[in-house]
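Secondary and tertiary structure notes
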Amino acid sequence: MENTKEKIKLKLKQLSKKQRENIYNNYMIYDFHKSEVKPFETIEKLVERGNYVCVGCYEDTDFLGYAYFVKSDTTNNLLLDYFAVNEQYRSKGLGSKIILTMKEQLSGEYSSLLGEVENPEFANDDNDKLTRERRIAFYLKNGFKVSNVKCRVSVDNYVMINLGLDKELNDKEIYDEMNELYNIIFGEAFFKNHISVSI
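Residues numbered from 1 in each chain as written. Predicted model: local features only at pLDDT ≥ 70, side-chain atom pairs only at ≥ 80, totals over all residues. Heavy atoms only, no water.

**Comments concerning the packing of aromatic side chains**
Rules: Any two of the Phe, Tyr and Trp rings considered here, Trp counted by its six-membered ring, make a pair once their centres fall within 6.5 Å; the pair's planes then place it as stacked at under 30 degrees, edge-to-face at over 60, or tilted in between. To qualify as a helix, a DSSP run of H or I must reach at least 4 residues; to qualify as a strand, a run of E must reach at least 2; elements of each kind are numbered from the N terminus. To sit over a ring, a charge needs its Lys NZ or Arg CZ within 6 Å of the ring centre and within 35 degrees of the ring normal.
In total, this model carries eleven aromatic pairs according to the counting rule given. Judged by centre distance (6.1 Å) and plane angle (40°), the ring pair of Tyr-182 and Phe-186 falls under tilted. Placement of both Tyr-182 and Phe-186 in helix H5 (residues 171-186) is noted, with a separation of four residues, approximately one turn of the helix. Aromatic ring contacts, followed pair by pair, group Phe-32, Tyr-52, Tyr-66, Tyr-68 and Tyr-82 into a single cluster. When the ring centre of Tyr-58 is taken as origin, the NZ or CZ atom of Lys-13, which lies over that ring, is 5.1 Å away.

And the structure:
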């Protein structure tokens, strides 16, 4: 893929189980902290229940990255659960182009896109804090807004961000949505014991 600054045509395509398994084993376990990676069986159960959308981002047949979303049972909002650009294409502006493609392809079908970003207040050191702040800056540059909603999932602490596709959510709506989405992902018992959502 030459000259990524030129206009490229990206497509988000639904992933088959075989493709999801390949991404899990060859990308996801390396792209995210161990504590953030759900067991593959959990992802597959969510897909089977209709609560998970897994897409790969392609230019023709080139695999550029992937995005996994959690779907609400009661609203048409999505949580961006995993998003990564294939390592060989990083630092070329593709992350922004993929988010633009998400906006274009998800608008009309979904109202709002939520995301979790690691809270800089809980960084392990200065380098980690800088990485977290850069990640937030990336999402802000691409149209997301930082909310006042904070979440803790087991040992990981997040700030919630929101991209209005057809509707921007307020903090109370994000709070309610995250309570529902975490219940969908983790189940009621884990939610009660290991998750907190606050404004």
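Text resumes after the structure shown.
**A short note on the pattern of salt bridges**
Our working rule: Any carboxyl oxygen of Asp or Glu that lies within 4 Å of a side-chain nitrogen of Lys or Arg is treated as forming a salt bridge with it. Relative accessibility decides the category of a residue: with a 1.4 Å probe and only protein chains considered, values under 20% of the type maximum give buried, values over 50% give exposed, and everything between is partly exposed.
Per the counting criterion, the structure on display carries ten salt bridges. Residue Arg-20 pairs with Glu-44 through a salt bridge whose shortest N-O separation is 2.7 Å. Residue Arg-20 is located in helix H1 (residues 17-31), and its partner Glu-44 is located in helix H2 (residues 40-48); the two are separated by 24 residues in the primary sequence. What makes Arg-20 buried here is its relative accessible area of 9%. A network of salt bridges, in which partner residues are shared, links Glu-118, Asp-128, Arg-132 and Arg-135.

**Examining unusual backbone geometry**
Its identity is not glycine, yet Asp-60 carries a phi of approximately 55°, on the positive side. For Asp-60, the position within the fold is in the loop between strand E2 (52-59) and strand E3 (62-71). Looking at Asp-60, the relative accessible area reads 65%, which means it is exposed. Look at Ser-91: it is not a glycine, yet its phi comes out positive at around 65°. Its relative accessible area of 83% is what places Ser-91 among the exposed residues.

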